[in-house]
Amino acid sequence: MKKKLNLILNGKGGVGKSFFAANFVQFLKDNHIDHAALDTDNENSTLKRFHPESRFIDINNVRELDELFAAIEGSALVVADCRAASTEVFLSYFAELKVFDVLESMGASLSVISPVNHDLDSVEQIKMIANAFDDHCEYLVVKNQALTEQFTIYDSSKTRTRLVDELGAKEIMMPKLQDWVVGMIHQLNLPVGQAVQHPKFSLMDRQRLKNWQRRFSEQIETVRDVVLPS
């Protein structure tokens, strides 16, 4: 089995990295897929709030970044939720230590999961990552419908053309969930998969959650080869 390191990475804040991470980890739990989850957000720690067993690492400490690879030694799948404004930190770390050589020696590969919205900055961040990592990893772009269903800037960009046509990137949608439901999820620190059973939600909101979870899982299933060990 080839191990997998998933970096959920886009330096632009507010694109949905942590929401994707929390619900992707819940998908792994629901499907009994062994994994290690790492949270690098020292301000919000959303992933650790939703999944307390997740480990926090301080990416400002280079030795703690090494824990990404210690985790790979113990698990076939490592998921890291990378905080906002962290792109340059990871790119510098990978370049300085020739990390792709390390991954190869461990029988592991990297997938970069990048949520994107309607904002040009979110596309520029993906461009920066693709320019640095080139074809050394796999790419998954997550179109986050929470703020918009129109992705004109990304869809018409040279970045998308290069990702899809040259680098074989895959794309999925992260469905929109109503604001009041998302707000309660954050108040209760529950991923969607757990919230569907919680009595704080009304009958119809639980139905909204179930529909969202089904659609999200269907999207993940289409890219299993990118996000799970092979």
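So, how was this worked out
The numbers attached to residues start from 1 for each chain and follow its sequence in the written order. For this predicted model, a pLDDT threshold of at least 70 governs which residues receive local features, and a threshold of 80 or more governs which side-chain atom pairs are given and counted, while totals over whole chains, interfaces and linings are taken from all residues. Think of the side-chain values as coming from all heavy atoms in the structure, minus any hydrogens and water. The rule for pairing is simple: two strands pair if DSSP sees at least two bridges between them. We count a stretch as a helix when DSSP gives it H or I for four or more residues in a row; a strand needs E for two or more, and each element gets its number in order from the N terminus. When a carboxyl oxygen of Asp or Glu lies within 4 Å of a side-chain nitrogen of Lys or Arg, that pair is called a salt bridge. When a residue's accessible area, from a 1.4 Å probe over protein chains only, is under 20% of the maximum for its type it is buried; when over 50% it is exposed; and in between it is partly exposed. To define a nonpolar core, start from buried Ala, Val, Leu, Ile, Met, Phe, Trp, Tyr and Cys residues and group those joined through side-chain atoms within 4.5 Å.

A. Molecular detail of the sheet that holds strand S1 (residues 3-8). In space, the seven strands of this open sheet follow the order S3-S2-S4-S1-S5-S6-S7, with parallel pairing throughout. The outermost strands of the open sheet, each flanked by one partner alone, are strand S3 (55-56) and strand S7 (170-174). Relative to strand S4 (residues 77-81), S1 runs parallel, the two sharing five bridges. Bridge assignment links Lys4 to a residue of S4, and that residue is Leu77.

B. Spatial organisation of the pattern of salt bridges. By the definition in use, this model includes 14 salt bridges. The residue Arg162 makes a salt bridge to Glu166 at a minimum N-O spacing of 3.6 Å. Taken together, the residues span about one helical turn, with Arg162 and Glu166 both in helix H9 (residues 158-166) at a distance of four residues. The class for Glu166 is exposed, based on a relative accessible area of 60%. Its salt-bridge partner being Glu221, residue Arg224 comes within 3.2 Å of it at the nearest N-O pair. A relative accessible area of 34% places Arg224 in the partly exposed class. Counted as one network, the salt bridges with shared partners bring together Lys143, Asp155, Arg160 and Glu171.

C. Expanded view of the nonpolar core. By size, the foremost hydrophobic cluster in this structure holds 38 residues, and its most contacted members are Phe94, Leu103, Leu110, Phe133 and Tyr139. At five residues, helix H7 (residues 120-133) tops the list of elements feeding residues into this core. Ranked by size, the runner-up nonpolar core spans 36 residues in total, among them Ile8, Phe19, Leu190 and Trp212.

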